[in-house]
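Remarks on the overall topology
So you can see what is in the structure, the chains are spelled out below.
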Amino acid sequence: MTVVLKLGGSVITQKDEPETVDRAALSDAVSAIAESAVGDDIVVVHGGGSFGHHHAAEYGVSTTEGTHDGDGVRAIHGAMCRLNAAVVEALTDAGVPAVPVHPFSAAARDADGGLSLPTAQVTTLLGEGFVPVLHGDLVAHAGAGATVLSGDELVVELAPAVNADRVGVCSTVSGVLDDDGTVIDRIETFEAVASALGESEATDVSGGMAGKVRALLALSAPALVFGPDALPAFLAGESPGTTIAGGDAD
Ligand code: IP8
């Protein structure tokens, strides 16, 4: 079984404290991964939380608004590398053969925003028994300098590259929520949930749940969106939270 797991930045960091890891939450996530890493091939991707987003806001950088300021690039990428080092270290301490992979060093966007992400490094590391740990980052962007590359975009690129059987998105909410705040059990088409998710978000692949759902529907592997408490269940092969059925090219 090959699994791509995204740990949301707001799950593993303290959102309102710049560059502060939520040690208890990270430790819980790491314990769950350490137990399941024995049997599965796992690629971990983590988001920015109070590391990347804090600096990205300071320099006005987003997935579409870039910067040519080298100080800004170093600040944002450097913060993400520090968070990545903390995640890799925690996994290592738990006995997981985790190794860092930094997307900024390899990926690029063309002038239309199209992402090119070499993945041979990740597939090879996985084949050699490592647990590659990638992170939301900056990416060289033709015509824009450097823009944000979100962990969600990485998940969507990586899942087909590693032939993932399952994709997990561990976020602070317990799934994709309906209008009335109930977790939607299963999503098969975007149309079925568009009104609940809000059309305005639908065009931004990395912003908001609508963009996330749209991108995950395009994968052939099922993707599950769930809260931190459900991570052990997901890694045990259960289906907590919302299952986004793969195969919808919409
Ligand atoms: O939290 C963002 O990654 P995300 C990374 O997955 C940066 O959107 C650099 C802000």
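Note that the coordinates shown come from a computational prediction; the quantities given were computed from them, not determined experimentally.

A few words on the pattern of salt bridges. Going through the model one piece at a time under the given rule, you end up with 6 salt bridges. The partner of Glu 153 in a salt bridge is Arg 109, and the shortest N-O contact between them spans 2.8 Å. Placement of Glu 153 in helix 6 (residues 151-161) and of Arg 109 in strand 4 (residues 108-109) is noted, with a sequence separation of 44 residues between them. You'll find Glu 153 and Arg 109 in the same group, each marked buried.

The local shell around the ligand consists of Lys 6, Gly 47, Gly 48, Gly 52, His 53, Ile 76, Met 80, Gly 136, Asp 137, Val 148, Ser 150 and Gly 151. Contact distances for the ligand include 2.8 Å between an oxygen atom and a side-chain N or O atom of His 53. One nitrogen or oxygen atom from the main chain of Gly 151 is found 2.8 Å from an oxygen atom belonging to the ligand. Contact with the protein chains covers 93% of the free accessible surface of the ligand, which is 320 Å². Of all the secondary structure elements, the ones that give two or more residues to the shell around the ligand are helix 3 (49-58) and helix 4 (70-93). Residue composition of the shell around the ligand, grouped by class: 3 nonpolar, 7 polar and 2 charged.

Moving on, we come to the pairing of strand 9 (residues 166-170). Every other side chain in a regular strand lies on the same face of the sheet, so the side chains alternate between the two faces. Of all 5 residues in strand 9, 5 are buried; the element is thus mostly enclosed. Burial along strand 9 is two-sided: Arg 166, Gly 168 and Cys 170 facing one way and Val 167 and Val 169 facing the other are all buried. Note: strand 1 (residues 2-7) against strand 9, 5 bridges, orientation parallel. Bridging across to strand 9, Val 3 finds its partner in Arg 166. In this sheet, strand 11 (residues 223-226) lies alongside strand 9 in parallel orientation, the contact comprising 4 bridges. Its bridge partner being in strand 11, Val 167 is matched across the sheet by Ala 223.

As a further point, take the nonpolar core. If you look at the biggest cluster of nonpolar residues, it comprises 38 residues, and the most contacted ones within it are Val 167, Val 176, Val 213, Leu 216 and Ile 244. Among the elements of the structure, strand 2 (41-46), helix 5 (120-127), helix 6, strand 9, helix 7 (194-197), helix 8 (208-217) and strand 11 are those that each provide at least two residues to this core. Looking at this core, the element that brings in the most residues is helix 8, giving 5 residues. Look past the residues within four positions of Val 176 in its chain and what remains in contact with it is Thr 182, Val 183, Ile 184, Ile 187, Leu 197, Met 209, Val 213, Val 225, Thr 242 and Ile 244. Judged by nonpolar contacts, the second largest core, of 34 residues, contains Ile 12, Val 44, Ala 79 and Val 133.

This paragraph deals with the side chain of Arg 109. Given a relative accessible area of 6%, Arg 109 falls into the buried group. A distance of 2.5 Å separates the side chain of Arg 109 from the backbone oxygen of Val 148, its partner in a polar contact. Ignoring anything within four residues of it in the chain, the contact list for Arg 109 reads Thr 63, Gly 114, Leu 115, Val 139, Ala 140, His 141, Ala 142, Thr 147, Val 148, Leu 149 and Glu 153.

At a closest axis distance of 8 Å, the pairing of helix 3 and helix 4 adopts a crossing angle of 170°. With respect to helix 4, the element helix 3 is oriented roughly antiparallel. Contacts between helix 3 and helix 4 pair Phe 51, Gly 52, His 55 and Ala 56 from the former with Ala 75, Ile 76, Ala 79, Met 80, Arg 82 and Leu 83 from the latter. Classifying every residue of the contact of helix 3 with helix 4 gives 7 nonpolar, 2 polar and 1 charged.

This part is about the sheet that holds strand 3 (residues 98-100). Taken in spatial order, the 8 strands of this open sheet run 3-6-2-1-9-11-12-10, and their pairing is mixed. Strands at the two margins of the open sheet, each flanked by one partner only, are strand 3 and strand 10 (186-187).

Counting along an α-helix, one turn takes 3.6 residues, and residues three or four places apart therefore face a common direction. All of the buried residues in helix 5 are Val 122, Leu 125 and Leu 126. What you see down the axis of helix 5 is that its buried residues fit within an arc of 100°, all on one side. Seen from the buried face of helix 5, the exposed residues on the opposite side, beyond 90 degrees, are Ala 120 and Gly 127. Backbone geometry just after helix 5 places Gly 129 at a positive phi near 95°.

Conventions adopted
- Counting restarts for each chain: residues are numbered from 1 in the order of the written sequence.
- For this predicted model, a pLDDT threshold of at least 70 governs which residues receive local features, and a threshold of 80 or more governs which side-chain atom pairs are given and counted, while totals over whole chains, interfaces and linings are taken from all residues.
- Values shown for side chains rest on all heavy atoms present in the structure; no hydrogens or waters enter the calculation.
- Here, a salt bridge means any Lys or Arg side-chain nitrogen found within 4 Å of an Asp or Glu carboxyl oxygen.
- Counting from the N terminus, the helices are DSSP H or I runs at least four residues long and the strands are E runs at least two residues long.
- Between buried and exposed lies partly exposed: a residue is buried under 20% and exposed over 50% of the maximum accessible area for its type, with that area taken using a 1.4 Å probe on protein chains only.
- Each residue is tested against the molecule or strand, and it is near if at least one of its non-hydrogen atoms lies within 4 Å.
- Whenever two N or O atoms come within 3.5 Å, that pair is a polar contact, provided that in protein one can donate a hydrogen and the other can accept it, and provided that, for residues adjacent in sequence, both atoms are side-chain atoms.
- What sets the accessible areas is the Shrake-Rupley method with a 1.4 Å probe; for residues, cover comes only from the shown protein chains.
- By the convention adopted, Pro, Cys, Tyr, Trp, Phe, Met, Ile, Leu, Val and Ala count as nonpolar, Lys, Arg, Asp and Glu as charged, and the other residues, Gly among them, as polar.
- Paired strands, in this sense, are two strands between which DSSP finds at least two bridges.
- Here, nonpolar core refers to any group of buried Ala, Val, Leu, Ile, Met, Phe, Trp, Tyr and Cys residues whose side-chain atoms link them within 4.5 Å.
- Note on contacts: a residue pair is in contact if any heavy atoms of the two residues lie within 4.5 Å.
- Here the axes come from fitting lines to C-alpha atoms, over the contacting stretch only for helices, and the angles between their N-to-C directions go from 0 to 180 degrees.
- By the definition adopted for this analysis, an angle is roughly parallel if under 35 degrees, roughly antiparallel if over 145, roughly perpendicular if from 65 to 115, and oblique otherwise.
- To be clear, the arc concerns the directions from the helix axis to the C-beta atoms.

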